[in-house]
Amino acid sequence: MIKQSDIEGRLRLFRYGIVVVVVVTFLVSFITPIVALNAALGSTAPPATQHLGTAIIFTIVAAIVGAAAYFAYSAILQRSVQEQSAEQQGGED
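Here's what I pulled together on the structure shown here.

The rules behind the values
Residues numbered from 1 in each chain as written. Predicted model: local features only at pLDDT ≥ 70, side-chain atom pairs only at ≥ 80, totals over all residues. Heavy atoms only, no water. Helix = DSSP H or I, 4+ residues; strand = E, 2+ residues; numbered from the N terminus. Rg over C-alpha atoms; globule rule 2.2 N^0.38 Å. Buried < 20%, exposed > 50% of the residue type's maximum accessible area, 1.4 Å probe, protein only. Contact = heavy atoms within 4.5 Å. Areas by Shrake-Rupley, 256 points an atom, 1.4 Å probe, with all protein chains shown as cover. Lys, Arg positive; Asp, Glu negative; His and termini not counted. Charge placed at Lys NZ, Arg CZ, Asp CG, Glu CD. Polar contact = N/O pair within 3.5 Å; in protein donor to acceptor, adjacent residues only side chain to side chain. Patch = residues over 30% accessible without salt bridge, like charges linked within 9 Å, V, L, I, M, F, W, Y side chains within 5 Å. Salt bridge = Lys/Arg side-chain N within 4 Å of Asp/Glu carboxyl O. Phe/Tyr/Trp six-rings, centres within 6.5 Å; stacked < 30°, edge-to-face > 60°. Core = buried A, V, L, I, M, F, W, Y, C linked by side-chain atoms within 4.5 Å.

## Section: the overall build of the protein chain
Next up, step 1: Within the protein chain one finds 2 helices and 0 strands.
Next up, step 2: Against the 2.2 N^0.38 benchmark of 12 Å for 93 residues, the protein chain shows a C-alpha radius of gyration of 21 Å, more extended than a compact globule.
Next up, step 3: Viewed in the frame of its principal axes, the protein chain has a C-alpha envelope of about 75 × 25 × 15 Å.
Next up, step 4: Counting the 93 residues in the protein chain, one finds 17% classified as buried.
Next up, step 5: Within the protein chain, counting contacts between residues at least 6 apart in sequence, those at least 24 apart form 65% of the total.
Next up, step 6: Per element, the accessible surface of the protein chain, about 6,800 Å² overall, is 67% carbon and sulfur.
Next up, step 7: In the protein chain, 5 positive and 6 negative side-chain charges are present, and the distance between their average locations comes to 13 Å.

## Quick word on the environment of R10
Next up, step 1: With respect to the secondary-structure elements, R10 resides in helix α1 (residues 7-41).
Next up, step 2: Put simply, R10 and A63 are 53 residues apart on the chain and 19 Å apart in space, counted from C-alpha to C-alpha.
Next up, step 3: Within the local environment of R10, its side chain forms a polar contact with the side chain of Y73, the two groups lying 3.5 Å apart.

## Focus: a nonpolar patch on the surface
Next up, step 1: Residues V19, V23, L27, I31 and V35 make up a contiguous nonpolar surface patch of about 420 Å² in total accessible area.
Next up, step 2: Residue position: I31 is located in helix α1.
Next up, step 3: On the basis of relative accessibility, which here comes to 41%, the residue I31 falls in the partly exposed class.

## Regarding the packing of aromatic side chains
Next up, step 1: Tallied over the full model, the rule gives 4 aromatic pairs.
Next up, step 2: The interplanar angle of 5 degrees and the centroid separation of 5.7 Å between the aromatic rings of F26 and F30 together place this pair among those described as stacked. Taken together, the positions of F26 and F30, both in helix α1 and 4 residues apart, correspond to about one turn of that helix.
Next up, step 3: By relative accessible area, which is 27% here, F26 ends up partly exposed.
Next up, step 4: Cluster of aromatic residues (ring-pair linked, three or more members): F14, Y70, F71 and Y73.

## A closer look at the nonpolar core
Grouped burial of nonpolar side chains is what soluble globular proteins tend to show.
Next up, step 1: By size, the foremost hydrophobic cluster in this structure holds 7 residues: I7, L11, I18, V22, A62, Y70 and L77.
Next up, step 2: Per element, the largest residue contribution to this core is 4 residues, and it comes from α1.

## Points about the side chain of T59
Next up, step 1: Here T59 is to be found in helix α2 (residues 52-92).
Next up, step 2: Polar contacts involving the side chain of T59 include one to the main-chain carbonyl oxygen of A55, which spans 2.7 Å.
Next up, step 3: When residues no more than four places from it in sequence are discounted, the contact partners of T59 are V22, T25 and F26.

As structure tokens, this is what we get:
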């Protein structure tokens, strides 16, 4: 179990989650059009590499959003830990 004060553990878990989301975004955005077009058009469907550019764009966008969320979450965690330590120091005086 991750403790409330374990910032590195929480950030590590968040990074793993971002990696999973980025990989799933790539797979879904690459495979979904291929499956849909093969089901609709049969053997006349365009090649799979035609959708690779779109999948890469979606993946890059997901990675950028994930990175922004990571840095925002990191700042929020740092601020909350500093506030908790200030409250503890203020209560000891």
